[in-house]
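# Survey of secondary and tertiary structure
Listed below are the residues making up each chain.
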Amino acid sequence: MNPPSINRQLMIWTLGSLAIGALVVGAAGYFLTLHEVNEVLDDSLTQTGLLLADPDLAAPLASHPAAPRANVADTESKLVAMARSPDGRLLFSSQPEVSLRFEATAGSSTQWQNGTQWNVFTVLQPDRIVQVAQPVNVRREVAAESASQLLLPLALLVLLISGLLVIALRRGMRMLGVVNGALGQRNVNSLEPLNLRGVPVEVLPLVVTLNLLFQRLQAAFDAQRSFVANAAHELRSPVTALQLQVQVLERSSDSAEKAEAMAELSSGIARTRRLIEQLLRLSSAAPDSGVDSQAGPEQVSLESLVQEVVVRQSVDAERRSIDLGAKMDAGLVVSGSAAQLQILLNNLVENALRYVGDNGVVDVIAERIEGAPALRVIDDGPGVSVADRPRVLERFYRSPEAIASVETGSGLGLAIVKAIADRHHALVSLHTGRDEKGLEVRVVFPAS
Amino acid sequence: MRLLLVEDDLMIGRAVRRGLLQAGFVADWVTDGRLGQAAIANEVYDCVILDIGLPRLDGLSLLHELRAAQNRIPVLITSARDAVRDRVEGLNAGADDYLLKPFDLDELIARVRALMRRQSASTSNLLTVGGLTLDPLSRLVTHEGQEVSLTAKEFSILEVLLRRPGTVISREKLEESVYGWGEEVGSNALEVHLHNLRRKLGGDVIRNVRGVGYKVAE
């Protein structure tokens, strides 16, 4: 099946209506002409009948009884005139081979004779009866002939209009071709909007929509590109470390040195893996990624969220003698993605555990702050200086305190938290943690 | 050869320092720009390996301040910033070389050696004085065609002396050049190494200028 075509549709409808129009005009012409012809010929029958019935004019007819008048028979009008005596005897006939039934009724009538219908006009005179007759189909032929003369100009008109239509359509489609050509030049690297000048009004909405689409695509591509560039940049450090660690390992001669180099190498690999995981989380949590758009928002209980994350992290905390505790108010519910909120809280707790040091204290709290549901993760670690706090939420930023600590983070943990919080229209803020030191990260969701 | 490494990434720092030690350098390592600045002020280093993205004082600012103070110490920048503009900026700030992360340990060491060579206006890595030749790359020393086996410290001391033949180098300077931070230095450790060196090479190669220091005769 062919794809639908505006061109073809237009041609079919235009030519179809033209053809129907031509038929209507032809039919109307036929009937109007027939009507006129009837009037004219009826009149001429009457006049001829009356003329023949005039005694002064008709007298000589009697001296030429039934004289054949061959030259009259061929006339297109096929008019037959005859005169009879009052007793019905044929006195005269212009076409003797045509016999008409004698009817002694004056005026117009019709009769069938040998399969032909005749219009007859009869004039009664004391000495004779004059009849003038004409076949009915003569009138129809005249009307049809006259109407058919209309058909030629109509056909020419249809041809002319179709020709012009083809040209007009071709011109219109050429404008589409220009738009199409401009579209063809668009690709991932050049998504600039199409020029609206010279675009036909009919396709303007389409082009405007396309331009909006290009804009969104461009923004998405830019976001992706800068994300990839950032990610590649951030991978440089761990990869540099890995490369150096391998080379150091290769050159280590004694076994103690080798073991140490090996331990360095595996911690380098762990760090790289962590960074990659964080990058993946970040890319799926970024507001522009649209990853979870297929799943609608769900109602997430902060109580069970805290419970799950704290239970999961408690093994690690215990191993390092960190006091990890939770405190939840019941009935706190936020709307969003449970999976992403888990990543958010997990990152916060992981971060706190990483920087707090052995024997530290980390509290995870779900409560209402000024009526709004909130998550708080509080530690007694090195904290973040007030000056550095705004930058901590940026991607890949690591505070001097974080750098000074033995643990090597990716610098992405809080950026992921921020990205997920943004998606949930929640606010992330940093505060001083326990005992005037440490860090508190607070995520406040919109009040429901 | 004593090098200063300024690098805030703990893993990279540890690995580079270890690699430099393995290659026979004496290397100290600091993790931020201010500490780097303080360390360079001691004037015991032959070369600085400087990262750009540093906390407290970034590498480029450190370099600017260094050059503004007329300090000519060779500086090799290591950075993850790969735009031409960044490299040009680094070199314009007074860096002698620019190495992009991730880099190869061998390349780093080769470039450090090249900087040292440039400093001593020599085209070869080989340090030769009279019948004595020292190859910092292969860590091979030959005297009158005979290979001489030296310990790491003996090698370092000889290298320092051979880089400035004829110049008297003070005992303190020698000590600073061959001992990194945290290395225990006995009160006469240097003398012991020098004694051993002279025993292996013959007494007249390294001269003691009493009360001033040591030199290798030209």
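Residues numbered from 1 in each chain as written. Chains lettered and ligands numbered in written order. Predicted model: local features only at pLDDT ≥ 70, side-chain atom pairs only at ≥ 80, totals over all residues.

## As for the packing of helix α6 (residues 152–163) of chain B against helix α7 (residues 171–178) of chain B
Packed helices, taken two at a time, are described by their axes: the angle between them and the distance between them. Residues and elements named next belong to chain B. Packing of α6 against α7 brings their axes to within 10 Å, and their N-to-C directions diverge by 125 degrees. Looking at the two axes, α6 sits oblique to α7. As for the relative orientation of α6 and α7, their crossing is right-handed in sense. For the pair formed by α6 and α7, the contact residues are Lys153, Ser156, Ile157 and Val160 on the first element and Leu174, Ser177 and Val178 on the second. Its residues placed into classes, the contact of α6 with α7 shows four nonpolar, two polar and one charged. (Axes fitted to C-alpha atoms, helices over the stretch in contact; angles between N-to-C directions. Helix = DSSP H or I, 4+ residues; strand = E, 2+ residues; numbered from the N terminus. Parallel < 35°, antiparallel > 145°, perpendicular 65-115°, else oblique. Left-handed = near helix turned anticlockwise from the far one by under 90°. Contact = placed C-beta atoms within 7 Å. Nonpolar A, V, L, I, M, F, W, Y, C, P; charged D, E, K, R; others polar.)

## Focus: the packing of helix α8 (residues 338–356) of chain A against helix α11 (residues 413–423) of chain A
Residue and element names in this part refer to chain A. Two elements in contact, α8 and α11, have axes separated by 9 Å at closest approach and are oriented at 150 degrees. Considering the angle they form, α8 stands roughly antiparallel to α11. Like other packed secondary-structure pairs, α8 and α11 cross with a definite hand, here left-handed. Touching Gln340, Leu341, Ile343, Leu344, Asn347, Leu348, Glu350 and Asn351 of α8 are Gly413, Leu414, Ile416, Val417, Ile420, Ala421 and Arg423, all from α11. Grouping the constituent residues of the contact of α8 with α11 by class yields nine nonpolar, four polar and two charged.

## Concerning the nonpolar core
One finds B:Leu3, B:Cys47, B:Val48, B:Leu50, B:Leu76 and B:Leu158 to be the most contacted residues of the largest nonpolar core, which totals 62 residues. For B:Leu3, the residues in contact, after removing those within four places along its chain, are B:Leu20, B:Phe25, B:Val26, B:Ala27, B:Tyr45, B:Asp46, B:Cys47, B:Ile49 and B:Val112. (Core = buried A, V, L, I, M, F, W, Y, C linked by C-beta atoms within 7 Å. Buried ≥ 20, exposed ≤ 12 C-beta atoms within 10 Å, placed from the backbone.)

## Points about the pairing of strand β2 (residues 26–30) of chain B
All names here are of chain B. Summarising burial for β2: five of the five residues are buried, a large majority. Side chains of β2 alternate between two faces, with Val26, Asp28 and Val30 and Ala27 and Trp29 buried alike. In terms of strand pairing, strand β1 (residues 2–6) meets β2 through five bridges, oriented parallel. Bridging from a neighbouring strand, Val6 pairs with Val30 of β2. What joins β1 to β2 is helix α1 (residues 10–22), and the crossover it makes is right-handed. (Pairing = 2+ DSSP bridges. Right-handed = clockwise from strand over helix to strand, strands pointing away.)

## A word on the sheet that holds strand β10 (residues 169–170) of chain B
Residues and elements named next belong to chain B. The strand order across the open sheet formed by three strands is β10-β12-β11, and the pairing between neighbours is antiparallel. Each edge of the open sheet carries a strand with a single partner, namely β10 and β11 (206–209). Inspection of the sheet shows β11 paired to strand β12 (residues 213–216) by four bridges, in the antiparallel sense. Pairing of Asn208 across the sheet is with Tyr214, part of β12.

## Quick notes on the interface of chain A and chain B
With 18 residues of chain A at the contact, the number on the chain B side is 20 residues. Only α5 (204–251), α6 (255–285) and α10 (400–404) of chain A provide two or more residues apiece to the side of chain A that touches chain B. When residues in the side of chain A that touches chain B are grouped by element, the largest group, 12 residues, is from α5(A). By residue class, the composition of the side of chain A that touches chain B is six nonpolar, eight polar and four charged.

## Digging into unusual backbone geometry
Of note, the amide linkage connecting B:Lys101 to B:Pro102 takes the cis form, showing an omega dihedral of -5 degrees. One can find B:Pro102 in the loop between β5 (97–100) and α5 (105–119). Phi at A:Ser321 is positive, roughly 55 degrees, even though this residue is not glycine. One can find A:Ser321 in the loop between α7 (302–319) and β7 (323–328). Judged by the 10 C-beta atoms lying within 10 Å of it, A:Ser321 falls in the exposed class.

That's the geometry; what it means functionally is another story.
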